[in-house]
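# A look at the structure
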Amino acid sequence: MNTEAKSVFLDYNSTTPVQDEVMEAMLPYFAGHFGNPSSSHSFGQQAQIAIDKARMQLASLIGAKADEIIFTGSGTESNNTAIIGIADKIKSKGNHIITTSTEHSSVYNTCRFLESRSFDITYLSVDSNGIVSKESLEKAITDKTILISIILANNETGVIQNVRELSSIAKNKGILLHSDAVQAAGKIPLEVNDLGIDLLSISGHKIYAPKGIGALFIKRGLSLSPLIHGGGQEKKLRSGTENVPAIVGFGKAAELAKNNLSENSIKLLKIRDLFEQKILNLNLPVKINGSGVPRVPNTSNISFIGSDSQSLLVKLDLNGICVSSGSACGSASLETSRTLKAMALTDSEQLGTIRFSFGLQTTIEEIDFTIEVLRKIVS
Ligand SMILES: *Cc1c(COP(=O)(O)O)cnc(C)c1O
């Protein structure tokens, strides 16, 4: 019998553990194969070859070509590079950017920064499921619009935007489209050309690779200004010696995510459906946010109406269950969620909202245990 206190991690949208195969792939590049990819000798070449392979693995996950991928230090950096890089490069064409009111803080605060640099930003509203309409995008476009940035899958609710429909509007008007796909990668099929995307951000630690590694897809022929200047690595777009072990791990994680995509999503969907069915069976006043539209299979955003999510969070934690209220990044600041507010949840719905996000290690037993704890602590 295991007498240790149970620990149940249901916060995979905040981060994921490094998979064994990913760790194994990385290990040789810390010490044995430690070359600098910019060196022309054999040590350097070995590292360069490893990066090239990872670039292909990333490209394959999103239906891109290897030369359309650059590595960055995080999903946050990819978003900053895409938005500021384009804004700076083509500011002579216009100073208007359109985004949504449900973006991750790394897009939202980048847009706020650009507002302080005399850009105009439109934050599109969403419906009660968190979806942006194509009519609202059409209405927001002006002759000064240079970029549209739309989150593909929301980190709090898992809600998937209809990016293909939105990108066709952008394309008709000759406007570039960026998408933050950090929560979509590895969870739903992604084909950048089919989706009509010009720039797309991904992060390693959300797909079972290490923290501190990201990638940005930049459509062939598109040019942008770098944020970081120096030795000219990553096509002069991201100077600094590459984080070779993390890049190798990210490549492996992308390969695994692609190969196991349908199997993983079937498993996660089964767990999420079971969880939500059991939540509804508790007969508590709850609302499952975004459940009326397509969502990534691992995310369940639930309002326990009349409860306070902060106190639920503490009680769940005392029982070994790790979840998040709103988004992980926002929860420390006690800020209310921009996403839930934009979906027009009532104050008491917003106050009682918890995000459960499941992952490859989640078991049915963990779901049953969590439901039992919720039964006791939610009144
Ligand atoms: C986690 C996350 C990011 C940021 O990625 P980091 O690698 O942690 O900087 C960006 N967008 C979304 C939707 C995320 O969930």
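Heads up: these notes are all about the structure in this document. (Residues numbered from 1 in each chain as written. Predicted model: local features only at pLDDT ≥ 70, side-chain atom pairs only at ≥ 80, totals over all residues. Heavy atoms only, no water.)

## What about the sheet that holds strand β7 (residues 199-203)?
- Taken in spatial order, the seven strands of this open sheet run β2-β8-β7-β6-β5-β3-β4, and their pairing is mixed. At either margin of the open sheet sits one strand with a lone partner, and together these are β2 (69-72) and β4 (120-124). Taking each pair of neighbouring strands and ignoring which way they run, the sheet shows an average axis angle of 20 degrees.
- Lying over the sheet, helix α6 (residues 163-173) contacts β5 (145-151) and β6 (176-180), oriented at roughly 155 degrees with respect to β6. (Pairing = 2+ DSSP bridges. Helix = DSSP H or I, 4+ residues; strand = E, 2+ residues; numbered from the N terminus. Axes fitted to C-alpha atoms, helices over the stretch in contact; angles between N-to-C directions. Contact = heavy atoms within 4.5 Å.)

## Here we look at the site of the ligand
- Surrounding the ligand, one finds 14 residues, the nearest of these being T76, D180, Q183, S203 and K206.
- D180 is positioned with one of its side-chain polar atoms (N or O) 2.7 Å from a nitrogen atom of the ligand.
- K206 is positioned with one of its side-chain polar atoms (N or O) 2.8 Å from an oxygen atom of the ligand.
- Here the ligand loses 90% of its free accessible area of 380 Å² to cover by the protein chains.
- Per-element accounting of the shell around the ligand gives the leading share, three residues, to helix α3 (residues 75-89).
- The class makeup of the residues in the shell around the ligand is two nonpolar, 10 polar and two charged. (Near = heavy atom within 4 Å. Polar contact = N/O pair within 3.5 Å; in protein donor to acceptor, adjacent residues only side chain to side chain. Areas by Shrake-Rupley, 256 points an atom, 1.4 Å probe, with all protein chains shown as cover. Nonpolar A, V, L, I, M, F, W, Y, C, P; charged D, E, K, R; others polar.)

## Description of helix α10 (residues 309-318)
- By the burial criterion, the buried members of α10 are S309, L312, L313 and L316. Looking down the long axis of α10, one finds its buried residues gathered within 105 degrees of arc, a one-sided arrangement.
- Buried residues along α10 sit against β10 (299-304), β11 (321-322), α13 (347-351), β12 (353-357) and α14 (364-377).
- At the exit of α10 stands G320, carrying a positive phi of roughly 85 degrees. (Buried < 20%, exposed > 50% of the residue type's maximum accessible area, 1.4 Å probe, protein only. Arc of directions from axis to C-beta.)

## Observations concerning the pairing of β12
- For β12, the buried fraction is high: five of the five residues fall into the buried class.
- Residues T353, R355 and S357 line one face of β12 and the alternating positions I354 and F356 line the opposite face, and both faces are buried.
- As defined by bridge partners, β10 adjoins β12 across five bridges and the pair is classed as antiparallel. Within β12, the residue paired with S303 across the bridge is T353.

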